[in-house]
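Structural overview
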Amino acid sequence: MSASVKLKKDLLKKIAKVAAAGGYSSPEEFIEHVLEREIAKLEDAQSDEEIVKKLKGLGYID
Amino acid sequence: MIGPHFAYIGPGAGFAFFGSFLTLVAGLFMSLFSILAWPFRMARRALLNRKSFRKARVKKIIFLGLDGLDPRITERMLAEGKLPNLARLAEEGSYQRLRTTFPALSPVAWSTFATGVSPARHNIFDFLDRSLKSYQPRLSSARVGKPERVLRLGRLRIPLSRPALELRRKSQPFWAILGKLGISSTILRVPITFPPEKFEGKMLSAMATPDLKGTQGSFSQFTTRVEKASYENGSRYPLRRTADGFEGEIEGPEDTFVDGGRVLKIPFRLLRRGDVFELRIGDSACTLERGEYTAWQQLNFRTAIGVKVSGISRFLLTETDPECSVYMSPINIDPEHPALPISHPSYYAMYLAKLLGSFATVGMAEDTWALNEGVIDEDAFLGQAYSIFEEREAMFLDALESTRRGVVACVFDTSDRVQHMFFRHMASSDRHAAVIEKMYERMDALVAKARSYVDSGTALFVLSDHGFCSFRRGVNINSWLLENGYLYLRNGAKESGSFFEGVDWSRTRAYALGLSGFYLNIKDREARGVVQSGAEAQELRDEIAGKLAALRDEDGAAPIRQVYQTAALYRGPYLEAAPDFIVGYNEGYRCSWEGAVGKITTQVVTDNPKAWSGDHCVDPVLVPGVLFSNRKIDVNDPGIEDLAPTALNLFGVQPPAWMEGKALL
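Residues numbered from 1 in each chain as written. Chains lettered and ligands numbered in written order. Predicted model: local features only at pLDDT ≥ 70, side-chain atom pairs only at ≥ 80, totals over all residues.

1. Side note on the overall build of chain A
The helix and strand tally for chain A stands at 3 helices and 0 strands. Listed N to C, the secondary structure of chain A is α-α-α in terms of helices and strands. A total of 62 residues make up chain A; the buried ones form 23% of that total. (Helix = DSSP H or I, 4+ residues; strand = E, 2+ residues; numbered from the N terminus. Buried ≥ 20, exposed ≤ 12 C-beta atoms within 10 Å, placed from the backbone.)

2. Some points on unusual backbone geometry
All names here are of chain B. Going from Asp321 to Pro322, the amide bond is cis rather than trans, its omega being 5°. In this model, His344 is joined to Pro345 through a cis peptide bond whose omega is -10°. Position of Pro345 relative to the elements: it lies in the loop between β23 (343–344) and α7 (347–356). You will see that Asn123, though not glycine, has its phi angle at about 80°, which is positive. As for its position among the elements, Asn123 is in the loop between α5 (119–122) and β3 (128–130). Given 24 C-beta atoms within 10 Å, Asn123 falls into the buried group. Its identity as a non-glycine residue notwithstanding, Asp637 has a phi of 55°, on the positive side. Position of Asp637 among the secondary structure elements: in the loop between β34 (625–629) and α15 (643–650).

3. Describing helix α2 (residues 71–79) of chain B
Residue and element names in this part refer to chain B. For α2, the complete set of buried residues consists of Pro71, Thr74 and Leu78. Down the axis of α2, the buried side of the element spans an arc of 65°, and every buried residue falls inside it. In the core, the buried residues of α2 are packed alongside α3 (84–92), β2 (94–98), α11 (435–451) and β34. Of the residues trailing α2, Gly81 is marked for its positive phi of about 75°. (Arc of directions from axis to C-beta. Contact = placed C-beta atoms within 7 Å.)

4. Re the domain arrangement of chain B
By a frequent convention, interface size equals the accessible area lost on bringing the separate parts together. All names here are of chain B. Considered domain by domain, chain B is made up of domain 1 (58–124 + 169–209 + 340–468 + 623–650) and domain 2 (471–620). Between domain 1 and domain 2, the C-alpha centre-to-centre distance is 30 Å. Taken together, the contact between domain 1 and domain 2 spans 25 residues of the former and 24 residues of the latter. When contributions to the side of domain 1 that touches domain 2 are tallied by element, the ones reaching two or more residues are α5, α8 (368–372) and α10 (414–426). (Domains from an automatic or database assignment.)

5. Some words on the packing of α7(B) against helix α9 (residues 378–402) of chain B
Residues and elements named next belong to chain B. Viewed as axis vectors pointing N to C, α7 and α9 meet at an angle of 105°, and their least axial separation amounts to 11 Å. Relative to α9, the element α7 lies roughly perpendicular. Only Ala394, Met395 and Asp398 of α9 make contact with α7, whose side of the interface consists of Leu352, Leu355 and Leu356. (Axes fitted to C-alpha atoms, helices over the stretch in contact; angles between N-to-C directions. Parallel < 35°, antiparallel > 145°, perpendicular 65-115°, else oblique.)

6. Re helix α2 (residues 27–42) of chain A
With 16 residues, α2(A) should reach 22 Å at 1.5 Å per residue; the first-to-last C-alpha distance of 24 Å fits that figure. Little of α2(A) is tucked away, with 1 of its 16 residues classed as buried. (Expected span 1.5 Å × (residues − 1).)

7. Here we look at the interface of chain A and chain B
Taken together, the 23 residues of chain A in the interface contact 38 residues of chain B. If you list the elements that add at least two residues to the side of chain A that touches chain B, you get α1 (9–22), α2 and α3 (48–55) of chain A. Here the side of chain A that touches chain B gets 7 residues from one element, more than from any other, and that element is α3(A). Of the residues belonging to the side of chain A that touches chain B, the class tally is 9 nonpolar, 7 polar and 7 charged. (Nonpolar A, V, L, I, M, F, W, Y, C, P; charged D, E, K, R; others polar.)

8. Quick word on the environment of B:Phe63
All names here are of chain B. When you line up the elements, Phe63 lands in strand β1 (residues 60–66). A C-alpha to C-alpha distance of 9.4 Å links Phe63 and Ser629, two positions 566 residues apart in sequence. Those residues in contact with Phe63 that lie beyond four places of it in its chain are Ala409, Phe461 and Leu463.

9. Focus: the sheet that holds strand β30 (residues 581–585) of chain B
All names here are of chain B. Taking strand neighbours across the sheet as the criterion, the 4 strands line up as β27-β28-β30-β29 in an open arrangement whose pairing is antiparallel. Both outer strands of the open sheet, β27 (510–512) and β29 (560–565), are each paired with one neighbouring strand and no more. Across the sheet, the mean angle separating the axes of adjacent strands is 25° when strand polarity is ignored. In this sheet, β30 lies alongside strand β28 (residues 517–520) in antiparallel orientation, the contact comprising 2 bridges. Each residue of the ladder has a partner; that of Gly517, found in β30, is Ile582. Most of the contacts of helix α13 (residues 535–549) go to β29, to which it runs at about 170°, and overall it touches β27, β28, β29 and β30. (Pairing = 2+ DSSP bridges.)

10. Structural notes on the sheet that holds strand β17 (residues 284–288) of chain B
Residues and elements named next belong to chain B. In spatial order, the strands read β13-β14-β15-β16-β17; together these 5 strands make up an open sheet with antiparallel pairing. Where the open sheet ends on each side, the last strands, each with one partner, are β13 (240–242) and β17. Pairwise comparison of adjacent strand axes, ignoring direction, gives a mean angle of 30° for this sheet. In the sheet, strand β15 (residues 263–273) pairs with strand β16 (residues 276–281) via 6 bridges, with the strands oriented antiparallel.

Here you go:
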């Protein structure tokens, strides 16, 4: 699911330029990455038990 | 239009439940709209098609992916005349070794195949990544979260939205780019496609798709043997004797409709019928014969509020007298009633199941752990692997049959799983010595079937993502880091439990997680980082890389061919998520089972005793893949990143600037 956010045109132009130079496939991908990085700093980690359970059965690891 | 009840039961996730009335009304409305709009859609598509294919040099591209097909074995068998169809393809077109990614792992390499970029641009560096807060491992490619809106009624919890699903692979696959231009693709079981993305075409998700319990596939064993056995990746349950046979209970997912979510269970009975048993689950019954898998059995788990969640499993009677044991495969998401989206459009999985019968949906469908842990034997494993192969082949041929223009890409995992589990037999004289060769011959026969759909307007590529070699000894990088003063355990301990139990992060400068590499514990990056980024980190990187490369095994052999610093391998926006080092193991070695999950052992290099005896988690230079095509490819050193721009180029589409691969044709 996606939603729209309004940005100033000048800012969007700069974003498009930086995104292309950085190897992103679109300005949206760049914006998502930057925001995710910032949000991750504020989020709590999942419980260990949940993580371990989800990995169960992956052939390559015990 | 069918409106499935997307529901999910797994650790920490909840259901997304839509009222059936609303679904019915929406379904009727959509059906009516769909019928009325049909002539306009057809006219638009015809116009778009004409425009889309104007510059195309082909009508159709077929990518047949044979995961892990090794060039050395392939070339030897080609020379011996054992792979006639691949030989013909090479003769008419071309054959070359295909450079793989760093590291040579399927999620990484197939993501590069799809996007035409290096891992630093698609964000998949391993099966696992780590939480920078807790240092705990996570699946690198997908996140399954809880529904955001939940209605609480006493102890009941009614989800009002779908669970949050996220594909962590970044950049754009070539089929999405082609789709925007009106060129449609059918993408079948290409790894790292869960959850499925919307695009112009059809897709069936693969690697990372969970089972109904939310794991990557955990089997069950029902047995009269009373002694306890704890399986690392499965569960053992009692089989109780009754007057006419046995009875037991199937444990499914947790009921997330209630606080504290009890495990949902379904009782079953085994009734003796002469030499065979009748397996009764609810109203359904089937015959259970020793050594023969049942067909997929539907398992309907009823939740606290009456909603049913459907999964599928296959059963195998492994012993009958004096003890009785039954193996049950992981409970796969039912493709006819998917509890999570596993295809695009959502009804594509249902269509395939209705047309061809039910099929395995979990990411790594072949149950390698059941063989590792001796719950099934080699023949049972092969029976399962080839049954999944046949399901996949039927889907692939259906897609080829119905595609006149566009792309069909399908990846077969049989080649990878069989080599993992039978590599040690290849050098033996036991009855499984020829299993791998026979598998190669079977893949060759599949190539013949694909070739029957090739005409002058079709480009066919048969490729693998990496090769294979033996896995005799495991290297625990965490143990080596402890021995060399880069990692510390609390209270001076010399060994630890999994997932860095007991690690003293305040003194730890480096740690290893996953199959390919290891990380520095960087200040302001990791939650309890101690190494200053910049010059201090670089000095430490150089020091560790030099020391680790000098590691020797008991017999003087070098387990490590080269230690790569990731920053020197590729450039891209996701580089910061990559391990600081990728370890290029020599043939015969891999990271140890314990080391991959952050468990510290007293020995650095140990034997690998498991049936899983072949691997590719070595220096990528040692395990390139293969690339066959019916077209002449005259390029030195083709890489797996070159296939995506090749597909675009063949359809007359200029590859975008962010793609790092170069078109081969």
